[in-house]
Each structure stands twice: as structure tokens, then as C-alpha cells.
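One-letter residues, chain by chain:
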Amino acid sequence: MSESSLGKKVFKSLTWVGSANAISQVLSWAITIVIVRHLSPGDFGLMAMAVAFWGFLTMIGDFGLFASIVQSKEVSKEQLQEIFGFIIILNLFFLSATFLAAPVISSYFSEPRLTPILRTLCIVFLFIPFYVIPHSLLLREMNFQKTSVVDVMCSLCGATTSLVFALNGYGVWSLVYGTLVQFFSRALFFTIVAAENYKPQFRIEQIKGMLSFSSFFTSSTVLRYFFFKSDIIIGGKFIGPDALGLYSIANQLAFTPVEKMSYVIPQVAFPAFSKLQLDVRAYAENFLKGLKLLNLIFIPCYIMVFVLAEDIVNVLLGPKWVEIISPMRILCIVMPLRAFEVIFIPAMNGLGKSNITMLTSGISLFIMLCAFFVGLNWGYIGLCWAWVGGFTVIYTIMIGMCVRYLQVNTADIARSYKTPLIASAGVLIMGLLLMNNYQHVMHPLLKITAFLTASLLMYSASVFYIDRPVVAYLKNILVIRK
């Protein structure tokens, strides 16, 4: 596949995944806002504790074999049958381990209510084997139309289930039941859309080579998971479920744009990068283009969230959540740097450097653990500042990795920030003036609408005036998509 035809397919894929994800998020977030209003911080704190240990097992429920399916040049029917059998055995083991370890995890957090929650959540391991292969094959074919539709349906099924139970007073269990329904829906819908179903073979003769790649990929995934969840694991033990619930919701709100891009971009970028791995020059150019486009989105986005944090909380969540305003604003300081991470991971994995992502993940985990232990001295606010300090160090390490393995230089990376930073300066100044002089003059909803409208117009005009080539590039890919 040529670079131009791959580019067209990548953009078409991004529009499918991005549009479906946007629709899903608008609807699911509308439901989630109602759920947040009916649950307490303690309910979200309990769920965060449960997910901290149970969640990483669900992330490695395929042992990284989905990545091996996507990245391999050819995959035989026998290999897929052996992968199916391997994943079934692995998830039965995870189910047993979670069930038995539930009291130990509850004891660690000093929360006996976690035991039944974890033992209920372990049911999802029965569903994981049935969607891994059909999902992976659709990704391999870059058939994002089907995966996007399924993801929207599953997300809405889970969110709607949680809403029904929350409105009927089920507390934290509404989140548990919603999670079960979402995983069951994935197994059901991906089985329905699968082009072919495979019988499991309980041996590994044909997949030994794939297991070698996936072991590095899985190790990286585990390290990255604990890198993201170490704040919950550490904080949950020392600050309690109520404070943890406040931190968890603040983190979730601030992290949402990054999280959604982290879901959309790797789905498309990993298969696309895998097809370009023999052309290092094209690889580096596409990495830098992707980074610049992400910066164009993330930098103004987080300036707007920083300015409007108080109004967003008052309008969407209500007065009982006002304590999350400060942590949201602190987290907005570091979130734009995480755009780099969104594209760094699929770029390295697409190049076949899963060992590098594993090494980077291990270093990142160590740095953040040190930062969180220091930050705990100031409670959940300290955990937020730990992200600012710790991730800044991690960011410089990832740049060093890119310089070495992707053959890009720091000047090229710096240039990807030039247009977004200059164009965002006006938005930042306008936002600071609004915060200092008109914070309580305008109605919050009116202020959100007015500031977003003015910011988008100012930012778009600035980008058009400063960087005509990037405008031409965006216009070109839109024409291609049309």
C-alpha cells in the first residue's frame, strides 16, 4: 500500500472512529452526569479501588495477542484457533485469581465492601475471549466502521444500565452492573459481526513467535496500567474513599480528552504505522504530522477547560462537587504534554519496538511512584501536583527515545508546538481576563457558551494567519475524505 493511499485510509478510519467515539461520548457523558449527581464521592472511590487491581487483568486478558494479530504480516486459521484457546485458559485463571484475591485486596484498602464487588466483576473474564479475535481481525483490516458501531452500542448499553440502577438507589453497584453489561455486549456484538468463528485449540505450537512479541507488548501494558493507576492504588490506602472519589472524578474530567484520543488514535495509528515500518523517513514525517495535529487540539482544549473548570462543575455536577475545581485546573497544566504519549506508544509498537515501550513504561512507573509518595503529604491535591512534576520528567525521556529510534530531532519536535502555542496565546489571555474580572458576573452556562465561541473563532483565525501550510494540509485531507 502506497503512503498516499494509506493516508487516505487512515483519515477515513479516523473520521469513522472519531465520529462514532464523539457520538458515544456525548450520549454516555450525558448519562454519566446524571449518574454522578445521584451517587456520592465514596461510591466512585470504591469503584476506583476495585478497578485499580481488577482492571489491569482485563487489559491483559488477550496477553497482547491482539497486537500480534494486527502487526503480523500473515495470520493462519490454526494460529487464530490456538490464540482463542490460549485466551480462554488465561481468562479462566484471571477469574479464579480475582475471586480468591478479593479479600486480600479489600484488606489492603481496609474496605470490606470491595470483596463482593470484585467477585462480581470477575464475571467479565468469561466474556473477554469471545471478542478478542473478531475485534483484532477488524483492526488488522482497518475496518473501523464495524468496530466503531459496536463500541458505541456497548458504551451506551453499559451507561444506560448504570443509569437505571443509579436512579433506583443501587449506589456503587450501578457502576458494577453497567461494567458487566458493557463487557457482555462486546462479546455478543463482536461475535455477531465476525466474518468467521474459530474453534479453540489448546496448544501453542503455531503461536510461539507471536507470544514473543506479545509478551513485551503485555509487559508494557501492565507497566503502563500501573503507571496510570498507581495514584489510585497509593492514594486509596491513605486518603480514603471520599477523598479518592473527588480525586478520581477530577482526574476523569481532566483526562477525558486525552483518554478519548488515546482510544481513537492508537486504534488507527498502530495498524497504519505497522504498514510503514520499512520506510523510516515516511515513518518520522507521519509521526511529526500526527504530533502537530494533536497539539493543535490539546493545547487550546486544556486552556478552555482550565478557564471554565468552575462553571463546568457548577453546571454539570452541582455544588457537592466544587472541591474538584482546583485539582482539575492543576491537572490541565500537564495534560497537553500527554498528547506526545498518545502517538509515541503506537509509533514504537508499529516499528516493532515493543521492548522500548516496555522500558519506557517501567521508567515512567518508577518516576510516578516516587512523585505520588511525595505528593501524598498534601492529600489529593498533592497527587495532582505529582502528575505535573513526574510527567514532565517522563516527557523528556520519551523525546530522547524518539530522537534515537524514530530519527527525528528535538528541533522538529519543538516546531510541532510553535503554531498551537502562538495561536493559543490569545485564548489564554482572554480566559485569564474572564477569570479575574467576570467570574461571577455572567451565568455559568452563558459564560461557557460565550467563551467557547469566542475562543474557537480567535484560535481558528490565529492558526489560519500564522500557519497557512497546516490549514492547506487539513483542507486537503478533508477534500480527500469527501
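Residues numbered from 1 in each chain as written. Predicted model: local features only at pLDDT ≥ 70, side-chain atom pairs only at ≥ 80, totals over all residues. Heavy atoms only, no water.

Assigned secondary structure in the protein chain consists of 17 helices and zero strands. In the protein chain, which comprises 482 residues, the proportion classed as buried is 55%. Contacts spanning at least 24 positions in sequence make up 85% of the contacts within the protein chain whose residues lie at least 6 apart. Surface exposure of the protein chain reaches about 20900 Å², of which carbon and sulfur atoms provide 67%. (Helix = DSSP H or I, 4+ residues; strand = E, 2+ residues; numbered from the N terminus. Buried < 20%, exposed > 50% of the residue type's maximum accessible area, 1.4 Å probe, protein only. Contact = heavy atoms within 4.5 Å. Areas by Shrake-Rupley, 256 points an atom, 1.4 Å probe, with all protein chains shown as cover.)

Moving on, we come to helix α4 (residues 77-109). Between the first and last C-alpha of α4 there are 45 Å, a value that for 33 residues agrees with the 48 Å anticipated at 1.5 Å per step. At A101, α4 shows its largest kink, close to 50°, and the proline P103 lies no more than four residues downstream. Just downstream of α4 lies S110, where phi reads positive at about 60°. (Expected span 1.5 Å × (residues − 1). Bend = angle between axes of the 7 residues up to and from the residue.)

Looking at where A30 falls in the secondary structure, it is placed in helix α1 (residues 3-38). It is 9.5 Å that separates the C-alpha atoms of A30 and A159, two residues lying 129 residues apart in sequence.

Trans peptide bonds make up most of the peptide bonds, and negative phi angles are found at most residues other than glycine. For S110, which is not glycine, the phi dihedral falls at a positive 60°. Checked against the element boundaries, S110 lands in the loop between α4 and α5 (114-121). We classify S110 as exposed; its relative accessible area is 59%.

The next subject is the packing of aromatic side chains. Per the stated rule, a full pass over the model turns up 19 aromatic pairs. Seen in terms of ring centroids, F165 and Y177 are 4.8 Å apart; in terms of plane orientation they differ by 55°. Their pairing is tilted. Of this pair, F165 sits in helix α7 (residues 144-167) while Y177 is found in helix α8 (residues 172-193), placing the two residues 12 residues apart along the sequence. Here the aromatic residues F287, F340, F344, Y395 and Y417 are joined through ring pairs into a cluster of three or more. (Phe/Tyr/Trp six-rings, centres within 6.5 Å; stacked < 30°, edge-to-face > 60°.)

At a minimum axis distance of 10 Å, the contact between helix α2 (residues 41-59) and α5 shows a crossing angle of 50°. One finds that α2 runs oblique with respect to α5. Between α2 and α5 lies a crossing of right-handed hand. Mapping the contact onto sequence places L46, M47, M49, A50 and W54 in α2 and L114, I117, L118 and L121 in α5. A breakdown of the residues in the contact of α2 with α5 according to their chemical character gives nine nonpolar, no polar and no charged. (Axes fitted to C-alpha atoms, helices over the stretch in contact; angles between N-to-C directions. Parallel < 35°, antiparallel > 145°, perpendicular 65-115°, else oblique. Left-handed = near helix turned anticlockwise from the far one by under 90°. Nonpolar A, V, L, I, M, F, W, Y, C, P; charged D, E, K, R; others polar.)

Take the packing of α2 against α8 next. How two helices pack is summed up by the angle between their axes together with the distance between the axes. Between α2 and α8, whose axes approach to 9 Å, the crossing angle comes to 30°. Between α2 and α8, the interaxial angle falls into the category roughly parallel. For α2 against α8, the interelement crossing comes out right-handed. On α8, the residues that touch D43, F44, L46, M47, W54 and T58 of α2 are V172, L175, V176, T179 and F183. Its residues placed into classes, the contact of α2 with α8 shows eight nonpolar, two polar and one charged.

Looking at the protein chain as a whole, the pLDDT averages 80, with 84% of positions reaching at least 70. When the elements of the protein chain are averaged for pLDDT, α1 gives the smallest value, 61, and α5 the largest, 93. (pLDDT = per-residue confidence, 0-100.)

Side chains of I89, L92, I123, L126 and F202 sit close together on the surface and give an oily, nonpolar patch of about 460 Å² of accessible area. Along the chain, I123 falls in the loop between α5 and α6 (129-140). (Patch = residues over 30% accessible without salt bridge, like charges linked within 9 Å, V, L, I, M, F, W, Y side chains within 5 Å. Salt bridge = Lys/Arg side-chain N within 4 Å of Asp/Glu carboxyl O.)

The next thing to look at is the nonpolar core. Counting residues in hydrophobic clusters, the biggest one holds 142 residues, and the most contacted among them are W321, I324, F340, W387, L406 and I413. Discounting residues that sit within four places of it in the chain, I413 has contacts with L288, L291, F340, I399, C402 and V408. (Core = buried A, V, L, I, M, F, W, Y, C linked by side-chain atoms within 4.5 Å.)

Our next topic: α2. Compared with the 27 Å implied by 1.5 Å per residue over 19 residues, the 25 Å span of α2 between its first and last C-alpha is a close match. For α2, the principal kink sits at A52 and spans about 45°. By the criterion of burial, α2 is predominantly enclosed, with 17 of the 19 residues buried.

What follows deals with the pattern of salt bridges. If you walk through the whole model with that rule in mind, you get six salt bridges. For D151, the salt bridge goes to R186, with nearest N and O atoms at 2.8 Å. A residue pair is termed long-range when its members are at least 10 positions apart, and D151 in helix α7 and R186 in helix α8 qualify at 35 residues. Side by side, D151 and R186 carry an identical accessibility label, which is buried.

Before going further, it helps to examine the environment of N314. Tracing the backbone shows N314 in helix α10 (residues 280-316). Exposure remark for N314: the relative accessible area of 32% places this residue in the partly exposed category. Separated by 11 residues in sequence, N314 and I325 place their C-alpha atoms 9.5 Å apart. With residues up to four places along the chain from it excluded, the contact list for N314 reads R37 and V322.

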